[in-house]
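Now for the letters of each chain:
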Amino acid sequence: MDGLWYAFKTAMDVFLQALVFLGSAVFGRPLLKPLIVEGLIKQVPAAQRHALQEALEHRGMTRAYWLSGVIAGVWKLMFGGLRMLVAYSVVTAPFGTATFNAQVAVLMTVMYLPGLLMGAIVLAPAMLLVDRTVKRIYGPDVTLMRSEGLHSFARNLTPAT
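Residues numbered from 1 in each chain as written. Predicted model: local features only at pLDDT ≥ 70, side-chain atom pairs only at ≥ 80, totals over all residues. Heavy atoms only, no water.

(A) Quick look at the pattern of salt bridges. One pass over the structure, following the stated rule, counts two salt bridges. With a closest N to O distance of 3.3 Å, R83 and D13 form a salt bridge. Of this pair, R83 sits in helix α4 (residues 62-90) while D13 sits in helix α1 (residues 2-26); the two residues are 70 residues apart in sequence, bridging distant segments of the chain. By relative accessible area, D13 is classed as partly exposed at 36%. (Salt bridge = Lys/Arg side-chain N within 4 Å of Asp/Glu carboxyl O. Helix = DSSP H or I, 4+ residues; strand = E, 2+ residues; numbered from the N terminus. Buried < 20%, exposed > 50% of the residue type's maximum accessible area, 1.4 Å probe, protein only.)

This is the structure in structure tokens:
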């Protein structure tokens, strides 16, 4: 029973993050939208920030932000499930024993790198989706993935209808 409880507790933070991402998408306020918008706006000169913010607030972007939140939430749920399964299989000793502590240390070592990579794994599909939507709205030459593409995008904001 201790192993199951610890496995659930270990994955709880990732499950809560998943619920935040999915809940924000369900309630129409995708959490990734302000993260993406604010992150991109800081990369362009001050004179172009207002135009870029208006472009990223384009009504055609709504679905991309919503879907990116759902993608992030589902990835987090999957990683939380994986983390829980690994914890359940690694931590089998009773709570408070030296063996339990050693097993927890092994678990933390095994899951450290996948935990770090999870941020990139979650954000990459979301950013690609937003970039693809920007290309659909503003033309195929526009990109948010390279700074020169972002700067030219901010200078030439005219939707390709």
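(B) Expanded view of the packing of aromatic side chains. Tallied over the entire structure, the rule returns two aromatic pairs. Between F95 and F100 the ring centres are 5.1 Å apart and the planes differ by 70°, which places this aromatic pair in the edge-to-face class. (Phe/Tyr/Trp six-rings, centres within 6.5 Å; stacked < 30°, edge-to-face > 60°.)

(C) Region of the structure containing helix α2 (residues 32-41). If you check which residues of α2 are buried, you get L32, I36, V37, L40 and I41. Along the axis of α2, the buried positions cluster into a sector of 150°, meaning they face one direction only. (Arc of directions from axis to C-beta.)

(D) View of the confidence of the model for the chain. Here the chain shows a mean pLDDT of 82. Residues at 70 or above account for 88%. The secondary structure element of the chain with the lowest average pLDDT is helix α6 (residues 147-155), at 65, and the one with the highest is α4, at 88. (pLDDT = per-residue confidence, 0-100.)

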